[in-house]
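# Examining the three-dimensional arrangement
Here are the chains, one letter per residue:
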Amino acid sequence: MNLFLANSLNISIQLLFAVLVIVSLLLLGVVLMQRPKQEGLGAAFGAAITDQAFGARTTDGLKKATVYFGSAFMILCLVLGMLLVLLAAARWNDIRLYGAGFGLSITGFLNLETVYTLVGSDDEWLSSDTSREFAMAVGFAETAAFVLLAFTAWAICRHGAISPLAKVETIEKDKTKTVQKKLELCTLRIDPQPAWTAKEKKALATLTLIVAVVSFAYLGSMKAPQNPVDATDSTATIDFTPQQDAVEIWVYPGISTGGSLRITDAAGNELYRKELSYATPFCWTKTAITAPAGQTLTATIENAQMFELALRDATGALVPVMGGDALFDEQSEVPDTISQLNSMYFDEIYHGRTGYEMLHRMTAYETTHPPLGKDFIMLGIAIFGMTAFGWRCAGTLFGVMLVPLMWCFARRLTHKRWAGAMAGALIAAGFMRFSQSRIATIDIYGTFFILLGAYFMVWYCQSVLQNGVNGSLLPMALGGVAFGLGCASKWTGIYAGAGLAVLYLGVLYARWKQKQPGFWKEFRMAAVGGVAFYIVVPFLIYLASYLPYWWKDPTFGLRDWWDCQTYMYWYHSTLKATHPFESRWYTWLLDLRPVWYYKNSYLEAGLQGSIAGFYNPVICWAGLFCILLLLWRQVSARGTAKGAGVLILYASQLLSWMLVSRCTFMYHYFPSSVFALTAIVLVLTQMKRQDRAKKIGAGLCIAALVCFAWFYPVLSGLPVPTLWAQSTKILPSYGFY
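Not measured: the values here are computed from a predicted model.

The rules behind each value
Residues numbered from 1 in each chain as written. Predicted model: local features only at pLDDT ≥ 70, side-chain atom pairs only at ≥ 80, totals over all residues. Heavy atoms only, no water. 1 Å grid on protein atoms, 1.4 Å probe; cavity = no way out; pocket = protein on both sides within 12 Å on 5 of 7 lines; lining within 4 Å. Points joined across faces, edges and corners; volume = space filled by probe spheres on them. Helix = DSSP H or I, 4+ residues; strand = E, 2+ residues; numbered from the N terminus. Nonpolar A, V, L, I, M, F, W, Y, C, P; charged D, E, K, R; others polar. Core = buried A, V, L, I, M, F, W, Y, C linked by side-chain atoms within 4.5 Å. Buried < 20%, exposed > 50% of the residue type's maximum accessible area, 1.4 Å probe, protein only. Contact = heavy atoms within 4.5 Å. Salt bridge = Lys/Arg side-chain N within 4 Å of Asp/Glu carboxyl O. Phe/Tyr/Trp six-rings, centres within 6.5 Å; stacked < 30°, edge-to-face > 60°. Expected span 1.5 Å × (residues − 1).

### Section: empty space enclosed by the protein
Vacant regions in the atomic arrangement are exposed by a probe of water-molecule size rolled over the atoms. By the definition in use, this model includes four cavities of 30 Å³ or more. Volume-wise, the largest cavity comes out at about 160 Å³. Around the largest cavity sit 16 residues that line it, and Gly430, Tyr615, Ile619, Ser673 and Leu677 are the ones nearest its centre. Broken down by secondary-structure element, the contributors of at least two residues to the lining of the largest cavity are α12 (417-428), α13 (431-437), α21 (617-635) and α23 (670-685). Of all the elements, α23 adds the most residues to the lining of the largest cavity, at five residues. Among the residues forming the lining of the largest cavity, the class breakdown is twelve nonpolar, three polar and one charged. By volume, the second largest cavity amounts to about 60 Å³. Lining the second largest cavity are Asp443, Gly446, Thr447, Lys490, Thr492, Tyr667, His668, Phe670 and Pro671.

Right under this line is the structure:
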């Protein structure tokens, strides 16, 4: 294998070296032909020769050629350097050289990715805190890889000290063939699942209950005005008379795509005006107003819903009003203060309002994602009303259920009870699980079903190797249902399908390697089941998620459904919008650019309240380390089937975002992050000393829980003193307040 690798690298290096020589000569030529600013080599050729020979615009062309050839020269040098390191590793079979080559390859790729993805953006010169932090981290890693390379070269050349890579064990079969790797043998050995004990069930139930209490506490008010004045596509005029002097008006609008609210006095003077749009629904706002007692005022609502108005006097007390009809009929539902507990924030103004629209058979505003997640939001609103608790409770429930699901997934994968408990504790302390499940958006649903699909796929793979395909129809079918629910929640569920397909086909290959009789019958069943459960069933589930569209308009048909799909693709493929808290995929790995969801602007001096979406640094950084460790084990032929499976599930989500050029956010890493957490558990369960692994796992859980308590205010919006708020800025890019 090393000989083949060395020969391949030799040929590649020779070809690239020839290209490098050509590029170098071209670069030298275009530099010499350019007009110098003062004196230089160009003067030896004549300052105007190139302009006379090729035209007046030659200088601009030469400058561009310099950039292109210079970039090619840099990239070729980097690639050649890495290939030479790998050639040396193949020559001496030294594990340190492989490590240095791996490190230089990864860091070189990340450097180039950073530069090329930021060209033309506001951060082109890496001036933001996020870019500087990422560049420093990558630079440190690249320096470490180079230092390792230098010391290894010295040790080999000076002392002949080689640290050989572990050899892959092989065995003979039929006296002519060998089994390539111990990895394949491990693939065929499935340990039995440990039985659930009463103690373990109580522990899981207790943890889930604690998570539920913490998640649903301080979620949102269960009170809000429910009876609007609906002036959609029309104008409504309502008179009212305050019974006391009013100095402040509170407004709670509903659905509008471009309307207004005006308050005028009897003489027609405008006392207050508010423009209403897609960004204003179900958000309380307050503004100063002068409204003397006894004076009749007129509210004019154009092309909008208005749920409630409220007037307050100088003491902050509600002012009683005569008249006003539905604008002042639910004064008991007016909150004492304005916050996220009674108002929408961030993308709730899209997804939360769409849940309301679907429930009331109105035209859905948010159509850039499949509707299943908004169907769940609709159910919460149907049960608890159009309140902050109502539009958030469904997502919060899924966030709670993610804890026992993660517990069961890790337990099934590793066959260890303590691994499941550790995974459950870590996901319970997960920042993104908490904050993303308490906002009325759809990412929590997609992530839940992606993990559920992975659970059933692991179950299916284990069952196939023990019972065959025919004995594994239940996990196959359940996996297809979970995949369909994920796709119908968000298209990121489709990305997961790539990883599931690799595992589905991989276990079929492993089954064939077992040489069991009747394999081709099993193969046909796997083919039929794959089409039925992973194509037909998901498609039907996806179609069914559009039932609210049909309830609104019985003429909604397949053509309309197809138009929805083409619109979604067009929207995401052509989106050019930017956002101050957008981030690129490589910053997600190090938790560098949180998404700032909300800032409470109505707090008294000395208190601050915010909500942000990011990851628990303990879990995020440990997860990245373990993902890289699993990857290193795989490429060095020391990996396992479990490690390969986790890497496939992780990469099937992350790789898709590497190819996306549109505006992206840290929460897009959420599905990958649960598999990074799984990598932590898997690495610990594969340690030789399990007593030490359990201690490390307990330490990580404690550290993650302490971190969760520390950052709880910025995850929940709880107002805290400024000193506490500022203590959470552990990185320059962590600006939450």
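Next, the rest of the story.
### Quick word on the nonpolar core
Counting 156 residues, the largest nonpolar core has Phe282, Trp391, Phe409, Tyr460, Tyr597, Phe614 and Phe675 as its most contacted members. No other element matches the 16 residues that helix α14 (residues 443-467) contributes to this core. Excluding its chain neighbours within four sequence positions, the residues that come into contact with Phe675 are Phe409, Ile450, Leu451, Ala454, Ile627, Val646, Leu649 and Tyr650. Among the nonpolar cores identified, the runner-up in size contains 25 residues, and Ile263, Ile289, Ala326 and Phe328 belong to it.

### Here we look at the pattern of salt bridges
When charged atoms on two side chains of opposite charge get close, those side chains can pair. A full pass over the atoms with the stated rule returns twelve salt bridges. With a shortest N-O distance of 3.4 Å, Asp691 and Arg689 are connected by a salt bridge. Linked through salt bridges whose partners overlap, the residues forming this network are Arg262, Glu270, Arg273 and Glu275.

### Overview of the packing of aromatic side chains
Applying the stated criterion to the full structure yields 63 aromatic pairs. Measuring from ring centre to ring centre gives 6.2 Å for Tyr350 and Tyr365, while their planes differ by 10 degrees; the resulting arrangement is stacked. A residue pair is termed long-range when its members are at least 10 positions apart, and Tyr350 in helix α9 (residues 348-359) and Tyr365 in the loop between α9 and α10 (372-384) qualify at 15 residues. On the basis of an interplanar angle of 55 degrees and a centroid distance of 4.9 Å, the ring pair of Phe376 and Phe398 is categorised as tilted.

### Examining helix α11 (residues 388-414)
The end-to-end C-alpha distance of α11, which contains 27 residues, comes to 40 Å, matching closely the 39 Å that a straight helix rising 1.5 Å per residue would cover. Burial analysis of α11 places 24 of its 27 residues in the buried class, which makes it a mostly covered element. The positive-phi residue at the C-terminal boundary of α11 is His415, with phi of around 60 degrees.

### Some points on the environment of Val635
Relative to the elements of secondary structure, Val635 occurs in helix α21. Taking relative accessible area as the criterion, Val635 reaches 53% and is therefore assigned exposed. Along the primary structure Val635 and Phe102 are separated by 533 residues, whereas in three dimensions their C-alpha atoms are 9.4 Å apart.

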